[in-house]
Amino acid sequence: MIGGPRSVGGRYFVQNPGPTNIPDRVLEAFRRPAIDFADPEFVALADGIWAELPGIFGGADEVVVLTTVGHGAWESALINTLDPGDTVLIPDCGLFGRRWARMARDLGYEVVMTERHMRRPTDPAEIADILAADTDHRIRSVCIVHTETSTGAVTDLAAMRAAIDVAGHPALYVVDGVCSLGIEPLRMRDWGIDVVVAASQKGLMMPPGLSFCALSDRAVERNRSATTPRFHLSWAPRFEKGPIYNRFGGTPPIQHMFALRTALDMIAESGGIDASIARHRRWAAAVHAAADGWSAAGPWEINIVEPKHRTAAITCVRTGDLAAGPLISVARDRFRVSVGSGMMTEMEGRAFRIGHLGDLNEPMLLGALGGLETAMTVLGLPHGDGLPAAVASLAATSGL
Ligand SMILES: *Cc1c(COP(=O)(O)O)cnc(C)c1O
């Protein structure tokens, strides 16, 4: 039984970049018995969450809650803002950028992509050039992945806004914040972002099943004129404050909302979103230190070359000529530490991805790194010492 008490097995360490470890309090919230979704108690709970969500995104004018995964929110963000056949710009920044672009194409939109880049974030200057060349403004939306979970890059969203402005381009600015909400600074209002797509199973410490589209007034305006056919994923019935059933596009996900309430409470009790961001920076620094330690005597290499371009959410470690598969299997099956595999082209089977997001503390992180290092040792894979470097990093930033 995965993660369960198959024997005296201890905890299963979920260090995938989503889903993440779920705190017991959030799991407990799912056990609350069902109530009528029209019960004033549930409506009040949902209204309370709706009132709080804009702040989590750094100032949204509306937030739509969808009972689906990140893909549903991606699709929702496209069909609610575009006319059939419209053109969108989606950089080729890794697996998630590619998938979003493929979705847009399959939905019948024209997609402009950049050159593929897997070892750095999207360059705002490249976006500015593409937009400047688009003199008749065919590109209607610029869709930027904030944290690219397949590579470990984080895009500078403020610089991207500046790039759109330098080009004087009126495109809608749409951001995939699935793997950055609660992890990286995300300031919709300050950075003139029109849509942020997010989901429950990354920085919010929940299981998959809820996703979000946070909207600026400009996005709401665009939504009114957008003519792509849509029904269930349509935004308008969700922010016209009608019956609660319509605001969720169907039966409200009652237990997920209980759990979201708890997750938001836990984030607030721990100092709010800014403290959550700071915690993730610490975890990331410790993982980078461990990876650098391993690399002292082995092929290990953090995929994102420039430290300032690395996200606080995940670290993708390349394994050179070594096959990553056995390491991933032994870490998971023998030591119960699960990490993600390398994604796309040369990284398939030649990288692993450690998630350091969600519900974590120092011993959990060290346990995960220790499980990986033990697996390297068992397999005879050459590596330097990662753990002491992680310990030193966490000690230096402990605040004590
Ligand atoms: C996880 C993730 C997604 C996809 O989310 P699903 O819930 O699996 O649909 C999209 N974008 C990014 C950046 C992600 O990390």
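Residues numbered from 1 in each chain as written. Predicted model: local features only at pLDDT ≥ 70, side-chain atom pairs only at ≥ 80, totals over all residues. Heavy atoms only, no water.

As a further point, take the side chain of serine 216. Among the secondary structure elements, serine 216 is positioned in the loop between strand 10 (211-215) and helix 7 (217-225). Given a relative accessible area of 11%, serine 216 falls into the buried group. Those residues in contact with serine 216 that sit more than four places away from it in its chain are Asp61, Met188, Ile193 and Asp194. (Helix = DSSP H or I, 4+ residues; strand = E, 2+ residues; numbered from the N terminus. Buried < 20%, exposed > 50% of the residue type's maximum accessible area, 1.4 Å probe, protein only. Contact = heavy atoms within 4.5 Å.)

A separate point is the domain arrangement of the protein chain. Each domain of the protein chain was delimited in the assignment, giving domain 1 (13-21 + 272-396) and domain 2 (24-268). Spacing between the C-alpha centres of domain 1 and domain 2 amounts to 27 Å. Note on domain 1 versus domain 2: buried area summed over both sides is about 2,600 Å², and carbon and sulfur give 63% of it. Looking only at domain 1, the three residues that lose the most surface to domain 2 are Ile273, Ile277 and Met344, adding up to 22% of its buried area. Its salt-bridge partner being arginine 119, residue glutamate 301 comes within 3.2 Å of it at the nearest N-O pair. Joining domain 1 to domain 2, the criterion identifies 13 residue pairs in polar contact (both at pLDDT 80 or more). For the side of domain 1 that touches domain 2, the secondary-structure elements that each account for two or more residues are helix 11 (272-295), strand 11 (301-302) and strand 12 (314-318). Among the elements that line the side of domain 1 that touches domain 2, the one with the most residues is helix 11, at six residues. In terms of residue class, the side of domain 1 that touches domain 2 is built from 15 nonpolar, 11 polar and seven charged. (Domains from an automatic or database assignment. Buried area = accessible area lost by both parts, 1.4 Å probe. Salt bridge = Lys/Arg side-chain N within 4 Å of Asp/Glu carboxyl O. Polar contact = N/O pair within 3.5 Å; in protein donor to acceptor, adjacent residues only side chain to side chain. Nonpolar A, V, L, I, M, F, W, Y, C, P; charged D, E, K, R; others polar.)

So, on to the site of the ligand. Of all residues adjacent to the ligand, which total 13 residues, the nearest are His71, Thr149, Asp176, Gln201 and Lys202. Contact distances for the ligand include 2.6 Å between an oxygen atom and a side-chain N or O atom of lysine 202. Taking 380 Å² as the accessible area of the ligand by itself, protein coverage stands at 90%. The element that contributes the greatest number of residues to the shell around the ligand is helix 3 (residues 70-79), accounting for three residues. (Near = heavy atom within 4 Å. Areas by Shrake-Rupley, 256 points an atom, 1.4 Å probe, with all protein chains shown as cover.)

Spatial strand order, 11-12-15-14: four strands in an open sheet with antiparallel pairing. Edge positions in the sheet fall to strand 11 and strand 14 (340-341), since each has one partner strand and no second. The pairing of strand 11 with strand 12 spans two bridges and is classified as antiparallel. Note that in strand 12 the partner of isoleucine 302 across the bridge is valine 317. (Pairing = 2+ DSSP bridges.)

The sheet built from seven strands is open, its strands ordered 2-10-9-8-5-3-4 with mixed pairing. The open sheet has two edge strands, strand 2 (62-66) and strand 4 (110-112), and neither has a second partner. Pairwise comparison of adjacent strand axes, ignoring direction, gives a mean angle of 20° for this sheet. Of the strand pairs in this sheet, strand 9 (residues 195-199) and strand 10 are connected by five bridges, and their pairing is antiparallel. Looking across to strand 10, one finds that alanine 199 is bridged to serine 211. (Axes fitted to C-alpha atoms, helices over the stretch in contact; angles between N-to-C directions.)

Scanning the model with the defined rule gives eight aromatic pairs in all. With a centroid separation of 6.4 Å and an interplanar angle of 55°, the aromatic rings of tryptophan 74 and phenylalanine 96 are classed as tilted. Within this pair, whereas tryptophan 74 is found in helix 3, its partner phenylalanine 96 is found in helix 4 (residues 95-106), the two being separated by 22 residues in sequence. Across this residue pair, the class does not change: tryptophan 74 and phenylalanine 96 are buried. Aromatic rings pair up to connect Trp74, Phe96 and Trp100 into one cluster. Over the aromatic face of phenylalanine 96 sits the side chain of lysine 202, whose NZ or CZ is 5.6 Å from the ring centroid. The cationic tip of arginine 247 hangs over the ring face of tryptophan 50; the distance from NZ or CZ to the ring centre is 4.1 Å. (Phe/Tyr/Trp six-rings, centres within 6.5 Å; stacked < 30°, edge-to-face > 60°. Lys NZ or Arg CZ within 6 Å of the ring centre and 35° of its normal.)

All right, on to the pairing of strand 12 then. Strand 12 sits mainly inside the fold: five of its five residues count as buried. Taking every second residue as pointing to the same face, both faces of strand 12 are buried, with Ile314, Cys316 and Arg318 on one and Thr315 and Val317 on the other. Bridge count for strand 12 against strand 15 (residues 351-355) is five bridges, and the pairing is antiparallel. Bridge pairing in strand 15 places isoleucine 314 opposite glycine 355.

Glancing now at the packing of helix 5 (residues 124-133) against helix 6 (residues 157-166). In helix packing, the relevant descriptors are the interaxial angle and the interaxial distance, both defined with respect to the helix axes. At a closest axis distance of 8 Å, the pairing of helix 5 and helix 6 adopts a crossing angle of 25°. When the interaxial angle is binned, helix 5 and helix 6 end up roughly parallel. With respect to the hand of their crossing, helix 5 and helix 6 are arranged in right-handed fashion. Contact with helix 5, carried on its side by Pro124, Ile127, Ala128 and Leu131, involves Ala159, Met160, Ala163 and Ile164 of helix 6 and no other residues of that element. Looking at the contact of helix 5 with helix 6, its residues break down into eight nonpolar, no polar and no charged. (Parallel < 35°, antiparallel > 145°, perpendicular 65-115°, else oblique. Left-handed = near helix turned anticlockwise from the far one by under 90°.)

Among the residues of helix 14 (residues 387-396), Ala390, Ser393 and Leu394 are the ones counted as buried. For helix 14, the arc enclosing every buried residue in end-on projection is 95°, short of the 170-degree limit, so these residues lie on one face. Within helix 14, the exposed residues directed more than 90 degrees away from the buried face are Ala395 and Ala396. For helix 14, the elements touching its buried residues are helix 11 and helix 13 (362-378). (Arc of directions from axis to C-beta.)

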